[in-house]
Amino acid sequence: MSAAPVGEVIARLKREYPDAKTALNWSNPLELLVAVILSAQCTDERVNRVTERLFRKYRTAEDYASAPLEELEQDIRPTGFYRNKARAIQGMARALLERHGGEVPKTMEELVALPGVGRKTANVVLGNAFGVNEGVVVDTHVRRVSRRLGLTSSDDPEKIERDLLPQVPEEERTLFAHLLIFHGRRVCKARRPDCPGCVLNDICPSSGLSGKPS
DNA sequence: CTCCCGATAT
DNA sequence: ATATCAGGAG
């Protein structure tokens, strides 16, 4: 079975999810960066519950940098991996102060050099906070849905991104990720995908195998 | 490769 | 009980 054409995938999902955008709540680049670090292996809904109070308490890089680590850990605990994430956020904040005047940098190279920031997190910040679409966000949903659609056969996020890059027009890359994430949550779910109710049913190589994991 | 880890759905 | 959730570091 051949891969689904990306243009058609985007067109149909755009019609299906006209309001697809990040589900994380944020009002500046630092808040987005913190929210994305917290979102690892955690739903956006729970991240938002935590950041609602977190962002009232921590407003600048200095606030995260100077906080007692145990206190920051408790402030983010419900998101899981809270010790790693607290260390990442504090290390990231201190790096912002040391290297970037307390501001979030706008290049891939500078972002991934920050503690706790990998390529996926950097791509989210670049695309959503700065409008830079040099890469494609590959999270668990993008990975699963892309594989099922036949857009990639790899299971490594960096290889998947290299496979997707030439297929997705630069100005559509942020939207593309949001569309696949929405679709991955509501229809092309990890556990029980709803292939009969999927608008990509007729162009998806995995349709009918309804259930066979990525 | 393993480890980190709480909350929710099935 | 177990799988899964906008991953990254050692």
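What you are looking at is a predicted structure, and each value in this text was computed from that prediction instead of being measured. (Residues numbered from 1 in each chain as written. Chains lettered and ligands numbered in written order. Predicted model: local features only at pLDDT ≥ 70, side-chain atom pairs only at ≥ 80, totals over all residues. Heavy atoms only, no water.)

Novice: When you look at the domain arrangement of chain A in this model, what are you seeing that I'm missing?
Specialist: Frequently, the measure chosen for interface size is the accessible area removed from exposure when the parts meet. With domains assigned, chain A is organised as domain 1 (6-20 + 136-203) and domain 2 (29-130). Just the C-alpha atoms count here: the centres of domain 1 and domain 2 sit 26 Å apart. Contact with domain 1, which involves nine residues of that partner, is made by seven residues of domain 2. Around 600 Å² of area is buried between domain 1 and domain 2 when both sides are counted, 48% of it from carbon and sulfur atoms. Per-residue buried area on domain 1 facing domain 2 is highest for V137, E161 and T174; these three make up 54% of the total on that side. Note that E161 is salt-bridged to R119, the shortest N-O span being 2.6 Å. On inspection of domain 1 and its partner domain 2, the count reaches five residue pairs in polar contact (both at pLDDT 80 or more). It is helix α11 (residues 173-186) that contributes the most residues to the side of domain 1 that touches domain 2, three residues altogether. (Domains from an automatic or database assignment. Contact = heavy atoms within 4.5 Å. Buried area = accessible area lost by both parts, 1.4 Å probe. Salt bridge = Lys/Arg side-chain N within 4 Å of Asp/Glu carboxyl O. Polar contact = N/O pair within 3.5 Å; in protein donor to acceptor, adjacent residues only side chain to side chain. Helix = DSSP H or I, 4+ residues; strand = E, 2+ residues; numbered from the N terminus.)

Novice: Even after reading the chapter, I still don't get the packing of helix α3 (residues 44-57) against helix α5 (residues 69-76), so can you show me in this structure?
Specialist: In helix packing, the relevant descriptors are the interaxial angle and the interaxial distance, both defined with respect to the helix axes. Where α3 meets α5, the axes come as close as 9 Å, and the angle between the chain directions of the two elements is 145°. Touching V50, R53, L54 and K57 of α3 are E71, L72, D75 and I76, all from α5. In terms of residue class, the contact of α3 with α5 is made up of four nonpolar, no polar and four charged. (Axes fitted to C-alpha atoms, helices over the stretch in contact; angles between N-to-C directions. Nonpolar A, V, L, I, M, F, W, Y, C, P; charged D, E, K, R; others polar.)

Novice: Looking at this model, I keep getting lost on the protein's contact with DNA strand C. Mind explaining?
Specialist: Near DNA strand C you find 28 residues, and of these Q41, T121, H141, R144 and R191 are the closest. Considering DNA strand C, the proportion of its atoms within 4 Å of the protein that are sugar or phosphate atoms stands at 62%. In this structure, a phosphate oxygen belonging to DNA strand C sits 2.4 Å away from a side-chain N or O atom of T121. H141 is positioned with one of its side-chain polar atoms (N or O) 2.2 Å from a phosphate oxygen of DNA strand C. Listed by contribution, the elements that provide at least two residues to the surface near DNA strand C are α3, α8 (119-129), α9 (140-149) and α11. The residue makeup of the surface near DNA strand C, split by class, is 11 nonpolar, 10 polar and seven charged. (Near = heavy atom within 4 Å.)

Novice: So what exactly am I meant to see when it comes to unusual backbone geometry here?
Specialist: Excluding glycine, residues mostly have negative phi values, and the peptide bonds linking residues are mostly trans. Positive phi values are uncommon outside glycine, yet Q41 reaches one of about 50°. Exposure remark for Q41: the relative accessible area of 66% places this residue in the exposed category. Non-glycine residue F81 carries a positive phi angle of around 45°. Checked against the element boundaries, F81 lands in the loop between α5 and α6 (82-100). (Buried < 20%, exposed > 50% of the residue type's maximum accessible area, 1.4 Å probe, protein only.)

Novice: Looking at this model, I keep getting lost on the protein's contact with DNA strand B. Mind explaining?
Specialist: Neighbouring DNA strand B are the residues Q41, R46, R49, R77, P78, G80, F81, Y82, R83, N84 and R191. Protein-adjacent atoms of DNA strand B, using a 4 Å cutoff, are sugar or phosphate at a proportion of 51%. Breaking the surface near DNA strand B down by element, the ones donating at least two residues are α3 and α6. Class assignment for the residues of the surface near DNA strand B results in three nonpolar, three polar and five charged.

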